[in-house]
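Descriptive analysis of the structure
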Amino acid sequence: MTRPCVLLLPGLMCDAAVWTAQCEALGFADCVVPSYGELSSITGMARHVLEIAPAQRFSLAGHSMGGRVALEVARLAPDRVERLALLDTGMDPLAEGPAGEQERAKRMALLQMARDKGMREMGRVWARGMVHPSRLDSPLFERILDMIERQTPAIFEAQIKALLGRPDAREVLRNLRCRTLLACGREDAWSPLSRHEQMHAMVPGSRLVVIEDSGHMSTMEQPEAVSRALAEWMHW
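Residues numbered from 1 in each chain as written. Predicted model: local features only at pLDDT ≥ 70, side-chain atom pairs only at ≥ 80, totals over all residues. Heavy atoms only, no water.

**Section: the packing of helix α4 (residues 98-117) against helix α5 (residues 119-126)**
To be explicit about the condition: Each axis is a line fitted through C-alpha atoms, and for a helix only the stretch in contact is used; angles between axes span 0 to 180 degrees, taken between their N-to-C directions. A run of H or I in DSSP becomes a helix once it reaches four residues, and a run of E becomes a strand once it reaches two; helices and strands are each numbered from the N terminus. In this description, contact between two residues means that some pair of their heavy atoms is separated by no more than 4.5 Å. Residue polarity is assigned by list, with Asp, Glu, Lys and Arg as charged and Ala, Val, Leu, Ile, Met, Phe, Trp, Tyr, Cys and Pro as nonpolar; anything else, Gly included, falls into the polar class.
Contact geometry of α4 with α5 gives a least axis separation of 7 Å together with a crossing angle of 140 degrees. Mapping the contact onto sequence places L110, M113, A114 and K117 in α4 and M119, E121, M122, V125 and W126 in α5. Grouping the amino acids of the contact of α4 with α5 by side-chain chemistry returns 7 nonpolar, no polar and 2 charged.

**Details of the sheet that holds strand β3 (residues 58-63)**
Condition: A strand pair is defined by DSSP finding two or more bridges across the two strands.
Spatial ordering of the open sheet is given by β2-β1-β3-β4-β5-β6, a layout of 6 strands whose pairing is parallel. Edge strands, defined here as strands with exactly one partner in the open sheet, are β2 (30-32) and β6 (207-211). Pairwise comparison of adjacent strand axes, ignoring direction, gives a mean angle of 20 degrees for this sheet. One ladder, built from 4 bridges, connects strand β1 (residues 5-9) with β3; its direction is parallel. Bridge pairing in β3 places V6 opposite S59.

**Some words on unusual backbone geometry**
So the rule is basically this: Accessible area is worked out with a 1.4 Å probe on protein chains only. A residue is then buried under 20% of its type maximum, exposed over 50%, and partly exposed in between.
Phi is positive for M13, close to 65 degrees, though the residue is something other than glycine. Structurally, M13 can be placed in the loop between β1 and α1 (20-25). Owing to a relative accessible area of 0%, M13 belongs among the buried residues under this scheme. In this model, D88 sits at a positive phi of 50 degrees, which is unusual for a non-glycine residue. Within the secondary structure layout, D88 lies in the loop between β4 (81-87) and α4. Given the relative accessible area of 0%, D88 is considered buried.

**Quick word on the pairing of strand β5 (residues 179-185)**
Quick reminder of the rule: Orient the strands so they point away from the viewer; a crossover is then right-handed if the path from the first strand over the helix to the second runs clockwise.
Counting buried positions over the 7 residues of β5 gives 6, a clear majority of the element. Bridge count for β4 against β5 is 5 bridges, and the pairing is parallel. Bridged to A85 within β5 is L181. Pairing between β5 and β6: 5 bridges, direction parallel. Its bridge partner being in β6, L181 is matched across the sheet by R207. Once the chain exits β5 it traverses helix α9 (residues 193-202) before rejoining the sheet at β6, and the crossover so formed is right-handed.

Okay, here's the thing in structure tokens:
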């Protein structure tokens, strides 16, 4: 019997380390964690994912920015996506007016910090909002900084450009017909649970799982809970 194929898409400044526990838990499947290189659009990232996918049909999970890439994959090639999992992510484009300009300014300030002080020092400031407050300056927090430090300012710039130009994915959500899981850390301050509840309401037959005692980095903060949710999703 052919082993199932699972594509696990990392978010901004993340790599395969964000999915380590889940790849182990899904040992019955062939897990692939793509790298986006210096691709600078969500659509370009999605096309890359489709190009490297080792199977015609696959299960697809995306965390944070990876969730936005996953939604774009589902838009481009819905027949190839067997099931979809969206973790700690969003659906809206960059806001218009002051809110959008504020987001742009904050992201560009972080990019300048990465250029001036290095990726790890930028991450030390940026990542404080990414985890449950109890995990600040913990060994887990240092692992997240290690992951950020493996990236470069050029990659950071490309991914910021992709996020600032992110497409509106609400219509994609409304048109999903595959088995869809939404999961979110209870204390995710970046991609709040309320947003995932809205997304869940837009996708007929979807399931919403709340990851307790977790911020934005749910796959690393609560690896067992996330892995359990994904294992169940794989057997729907």
